[in-house]
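Per-entry structural report
Single-letter residue listing:
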2 protein chains.
Amino acid sequence: MPEASSPTRKRIVDAATKLFYAEGIGRVSVDAIAEKAGLTKRTLYYHFKSKDDLIAAYLDARDQPNLKQMAGWFDAAEGGADRKVEAIFTNLARVARHPKWKGCGFLRTAAELASMPGHPAVKAGSRHKTNFEKWLAAELSARGVTAPHMLAREIVLLMDGAFSSMLIHHNPDYIGAAGHAAATLVRARTSSHQV
Amino acid sequence: MPEASSPTRKRIVDAATKLFYAEGIGRVSVDAIAEKAGLTKRTLYYHFKSKDDLIAAYLDARDQPNLKQMAGWFDAAEGGADRKVEAIFTNLARVARHPKWKGCGFLRTAAELASMPGHPAVKAGSRHKTNFEKWLAAELSARGVTAPHMLAREIVLLMDGAFSSMLIHHNPDYIGAAGHAAATLVRARTSSHQV
DNA sequence: CCAAGTATACCGCCTAGTGAATATACAAGC
DNA sequence: GCTTGTATATTCACTAGGCGGTATACTTGG
């Protein structure tokens, strides 16, 4: 029985993360992940009981780093809640220009696993998106915005729409439009500076 | 050289449509499509030069039917532009409850093919989404809404976000929230009945 | 000595794509 | 009216390789 904190396990997840995100889970073989991690497939199967398990571990490992990145962009932005929300989209549009950017790994995995609704990786994605929505609602609530939960959900919808549109059109303007719409929604629910 | 209007070709695309949408393009083999269409793989390869070609044909064939469905929901709804836009989301939430619903085929295919940005199927998806956005902008413009193109894009972003959120959470409330937000955006740009 | 971890080699199955032969339809030659 | 020629359309059998997963044996640190 392998340890959950094993450094070998971490190496496997790191290799899986790079390959799964770059190619998609269906296009990456377990052999390729083992080779990238510098070990054999048998060792990989000692640490994970199946490929499906490894996919779920990949997304679980991305939850906190992704949230931290979003929170970092939000915190670093100057101005009110509207400006901070828009800053997330502005930063997203910037990183999405990089050729290695391939959309949101959580959404892409859910799309690939649409025929397996109970798959642990889909659940991990759902948890992450819920965590983000809750974090955003709390930030908005702390800034005195009205109906913060509904607003957070609308912003999440715009963001997931931006991820999808960018992936299909390869045009960052869609992320900009989403950010603009999100900022407008925030301002409409901000008592000071009402627009 | 096969005919573009061949009934056999249509049978192949119909079989591919059902399987690709239900399982995802990577999880469906060419053998399975040939069997579903009631012919041999060699015949399929007589009508399509590769699986990639067939994937693109599948999405191209979905463009007009999908647009017609959206337009049908829009036209059938009573009330102003806001009610008609919200009706699209309401109908979407209804069909999304069906167990066979697996999200938007265009977005799911783009997600699966994220590592092949120039793939003809991704381009077909981009064309379809653009067609929908243009149709919606024209309908909004005809109803005297201000900034119809920007509004159409915002609604498209909410809709693609709704597709994605529904796929990852399996919760139709997200589609309802998107429809509500879309209707609010329309009302904010409608001169009569300003809210 | 023992158990955790790693390596080699393999299994059975599925994959996209192909070579060669064949069936069907229809037109031209006589 | 039959035969031959030709293009379209279809089938069977096959290749070469990749896939997830595993049986077995070895190494190494406590």
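Structure's up top.
Let me begin by describing the structure that accompanies this report. (Residues numbered from 1 in each chain as written. Chains lettered and ligands numbered in written order. Predicted model: local features only at pLDDT ≥ 70, side-chain atom pairs only at ≥ 80, totals over all residues. Heavy atoms only, no water.)

With respect to the relation of the copies chain A and chain B
What counts, and what does not: We place the copies in one frame by least squares, fitting the C-alpha atoms of every residue whose pLDDT is at least 70 in both. In this analysis, two residues are considered to be in contact whenever any of their non-hydrogen atoms come within 4.5 Å of each other.
Note on the copies: chain A fits chain B at an RMSD of 0.0 Å, the axial shift is 0.0 Å, and the rotation between them is 180°. Interpreted geometrically, this transformation is the action of a two-fold axis. Taking C-alpha positions as reference, the residue of chain A nearest the rotation axis is G161(A), located at 1.8 Å. When the interface residues of chain A are mapped onto chain B, 100% of them are again interface residues, pointing to one common binding face.

Here we look at the interface of chain A and chain B
How big an interface is tends to be expressed through the accessible area that disappears when the partners come together. For clarity, the threshold we go by: Buried area is a sum: the accessible area each of two parts loses on coming together, probed at 1.4 Å, counted once for each and added. Identification of polar contacts relies on pairs of N or O atoms within 3.5 Å, with a donor-acceptor requirement for protein atoms, meaning one able to donate a hydrogen and the other able to accept it, and with residues adjacent in sequence counted only if both atoms are side-chain atoms. Secondary structure follows DSSP: runs of H or I at least 4 residues long count as helices, runs of E at least 2 residues long count as strands, and numbering of each begins at the N terminus.
On the side of chain B, 42 residues touch chain A, which itself brings 42 residues to the contact. The three residues of chain A that bury the most area against chain B are L157(A), I168(A) and Y174(A), which together make up 19% of that side's buried surface. At the boundary of chain A with chain B, the tally comes to eleven residue pairs in polar contact (both at pLDDT 80 or more). Only α1 (7-23), α6 (105-112), α7 (120-142), α8 (148-169) and α9 (173-188) of chain A provide two or more residues apiece to the side of chain A that touches chain B. The leading source of residues in the side of chain A that touches chain B is α8(A), at 13 residues.

Re the layout of surface pockets
Inclusion rule: Using a grid of 1 Å spacing that covers the protein atoms alone, one calls a set of points a cavity when a 1.4 Å probe fits there but cannot get out, and a pocket when the set is open and has protein on both sides within 12 Å along at least five of seven lines; lining residues are those with an atom within 4 Å of a point. Grid points are joined across faces, edges and corners, and a volume is the space filled by probe spheres set on the points. Any residue that is not Ala, Val, Leu, Ile, Met, Phe, Trp, Tyr, Cys, Pro, Asp, Glu, Lys or Arg is counted as polar, Gly included; the first ten are nonpolar and the last four charged. Domain delimitation follows an automatic or database domain assignment.
Size it by volume and the largest pocket reaches roughly 750 Å³. Lining the largest pocket are 31 residues, and of these Y21(B), R62(B), N66(B), W101(B) and G103(B) lie nearest its centre. Breaking the lining of the largest pocket down by element, the ones donating at least two residues are α1 (7-23), α4 (51-76), α5 (81-96), α6 (105-112), α7 (120-142) and α8 (148-169) of chain B. In terms of residue count, the dominant contributor to the lining of the largest pocket is α4(B) (eight residues). Of the residues assigned to the lining of the largest pocket, the class counts are 17 nonpolar, seven polar and seven charged. Here the lining of the largest pocket spans two domains, and each of domain 1 (1-49) and domain 2 (62-188) of chain B adds at least three residues to it. There is about 490 Å³ of room inside the second largest pocket. Around the second largest pocket, the lining is made up of 23 residues, and of these Y21(A), R62(A), N66(A), Q69(A) and G103(A) lie nearest the centre. Contributing elements (two or more residues each) for the lining of the second largest pocket: α1, α4 (51-76), α5 (81-96), α6, α7 and α8 of chain A.

Let's talk about empty space enclosed by the protein
The full count for this structure, using the stated rule, is three cavities of 30 Å³ or more. In this structure, the largest cavity occupies an estimated 160 Å³ of space. Along its surface, the largest cavity is lined by 16 residues, and L107(A), A111(A), S164(A), L107(B) and S164(B) are the ones closest to its centre. Listing elements by their share of the lining of the largest cavity, those giving two or more residues are α6 and α8 of chain A together with α6 and α8 of chain B. Broken down by element, the lining of the largest cavity gets its largest block of residues, four residues, from α6(A). When the residues that make up the lining of the largest cavity are grouped by side-chain class, the tally is eleven nonpolar, three polar and two charged.

Looking at the protein's contact with DNA strand C
Put simply, the test is: Nearness is judged by heavy atoms alone; a residue qualifies as near a molecule or strand once a single heavy atom is within 4 Å of it.
DNA strand C sits among 18 residues. The nearest are R42(A), Y46(A), K41(B), R42(B) and Y45(B). The protein-proximal atoms of DNA strand C, defined as those within 4 Å of the protein, are 49% sugar or phosphate. One of the side-chain N or O atoms of Y46(A) is found 2.7 Å from a phosphate oxygen in DNA strand C. Between DNA strand C and Y45(B), the relevant distance is 2.7 Å, taken from a phosphate oxygen to a side-chain nitrogen or oxygen of the residue. Looking at the surface near DNA strand C, the elements that each hand over two or more residues are α3 (41-47) of chain A together with α2 (30-37) and α3 (41-47) of chain B. Per element, the largest residue contribution to the surface near DNA strand C is four residues, and it comes from α3(A).

Re unusual backbone geometry
For H170(A), which is not glycine, the phi dihedral falls at a positive 55°. Note on placement: H170(A) falls in the loop between α8 and α9. Backbone geometry places A147(B), a non-glycine residue, at a positive phi of 50°. Positionally, A147(B) belongs in the loop between α7 and α8.

Things to note about the state of the cysteines
Selection criterion: The term disulfide is used for any two cysteine sulfur atoms that are within 2.5 Å. Per-residue accessibility, obtained with a 1.4 Å probe over protein chains only, is compared with the maximum for each type, and a residue is labelled buried under 20%, exposed over 50%, and partly exposed between these values.
All told, the structure shown has zero disulfides over all chains when counted by the stated rule. We note that C104(A) lacks a disulfide partner, and the nearest cysteine sulfur, in C104(B), lies 16 Å from it. By relative accessible area, C104(B) is classed as buried at 7%.

Considerations on α7(B)
Condition: Here, expected helix span is obtained from the residue count minus one, scaled by 1.5 Å.
Taking 1.5 Å per residue, 23 residues should reach 33 Å; α7(B) reaches 33 Å between its end C-alpha atoms and fits that length. Positive phi shows up at G144(B), right after α7(B), with a value of about 75°.

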